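Chain by chain, the residues:
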Amino acid sequence: MKSGDRIDMKVKEGFVVRKIGKQYMAVPVGGRTRDFAGVITLNETGAFLWEKLQTEQTTEALVGFLMEEYDIDAKHGEESVLAFYNMLKKNNLVDGNE
């Protein structure tokens, strides 16, 4: 995904997010443990986006959520969404249409 792309996306089911100290961990549960061994470490922003992605969202909506929650501009919001999406995609954790 690159700047300006619109994607409808949702994180795959079968994970729970838990806060441990200042970090958040996405941990597979149930049948997902066969497909994914390990955990994904998230910062506060990643955990915020993960929560939003429990339902299908567009890149534009996610940028808007970040702008509202963290009082950032659209450029930084888009950069954060792009980085997060690329991490999810690399780890096969997201369903979406590119």
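Because the structure is a prediction, the values reported are computed rather than measured.

Focus on the side chain of Gln57
Of note, Gln57 is situated in strand S5 (residues 57-58). Of the residues examined, Gln57 reaches a relative accessible area of 14% and is grouped as buried. A distance of 3.0 Å separates polar atoms of two side chains, one belonging to Gln57 and the other to Thr55. Beyond its immediate sequence surroundings of up to four residues, Gln57 is in contact with Ile7, Asp8, Met9, Lys52, Leu62 and Phe65.

Some details on the pattern of salt bridges
Evaluation of the coordinates by the stated rule reveals three salt bridges. Of the charged contacts in the structure, one is a salt bridge between Asp35 and Arg32, with a shortest N-O distance of 3.5 Å. Of this pair, Asp35 and Arg32 both sit in helix H1 (residues 32-35), separated by three residues, roughly a single helical turn. Owing to a relative accessible area of 58%, Asp35 belongs among the exposed residues under this scheme.

Brief notes about the sheet that holds strand S2 (residues 15-20)
Across the sheet, which stays open at both edges, the three strands sit in the order S2-S3-S4 with antiparallel pairing between neighbours. Each of the sheet's edge strands pairs with one partner strand only, and the pair in question is S2 and strand S4 (40-42). With direction set aside, neighbouring strand axes in the sheet form an average angle of 30°.

Concerning the packing of helix H3 (residues 59-70) against helix H4 (residues 74-90)
The geometry of H3 relative to H4 is characterised by a closest axis approach of 9 Å and an angle of 120° between their N-to-C directions. With respect to H4, the axis of H3 lies oblique. The chirality of how H3 crosses H4 is right-handed. Mapping the contact onto sequence places Thr59, Leu62, Val63, Leu66 and Met67 in H3 and Ala74, Gly77, Glu78, Ser80 and Val81 in H4. The residue inventory of the contact of H3 with H4, partitioned by class, reads six nonpolar, three polar and one charged.

Remarks on unusual backbone geometry
Look at Asp71: it is not a glycine, yet its phi comes out positive at around 50°. Structurally, Asp71 is set in the loop between H3 and H4. Judged by its relative accessible area of 71%, Asp71 falls in the exposed class. Phi is positive for Asn92, which is not a glycine, with a value near 55°. Looking at the element boundaries, Asn92 is found in the loop between H4 and strand S6 (94-97).

Here's the deal with the environment of Thr33
Position of Thr33 among the secondary structure elements: in helix H1. A residue is classified by how much of its surface remains accessible, and Thr33, at 43% relative accessible area, is partly exposed. Among the polar contacts made by the side chain of Thr33, one reaches the main-chain carbonyl oxygen of Gly30 at a distance of 2.8 Å.

About the criteria used
- Residues numbered from 1 in each chain as written.
- Predicted model: local features only at pLDDT ≥ 70, side-chain atom pairs only at ≥ 80, totals over all residues.
- Heavy atoms only, no water.
- Helix = DSSP H or I, 4+ residues; strand = E, 2+ residues; numbered from the N terminus.
- Buried < 20%, exposed > 50% of the residue type's maximum accessible area, 1.4 Å probe, protein only.
- Polar contact = N/O pair within 3.5 Å; in protein donor to acceptor, adjacent residues only side chain to side chain.
- Contact = heavy atoms within 4.5 Å.
- Salt bridge = Lys/Arg side-chain N within 4 Å of Asp/Glu carboxyl O.
- Pairing = 2+ DSSP bridges.
- Axes fitted to C-alpha atoms, helices over the stretch in contact; angles between N-to-C directions.
- Parallel < 35°, antiparallel > 145°, perpendicular 65-115°, else oblique.
- Left-handed = near helix turned anticlockwise from the far one by under 90°.
- Nonpolar A, V, L, I, M, F, W, Y, C, P; charged D, E, K, R; others polar.

Functional significance is not addressed by these values, which are geometric in nature.
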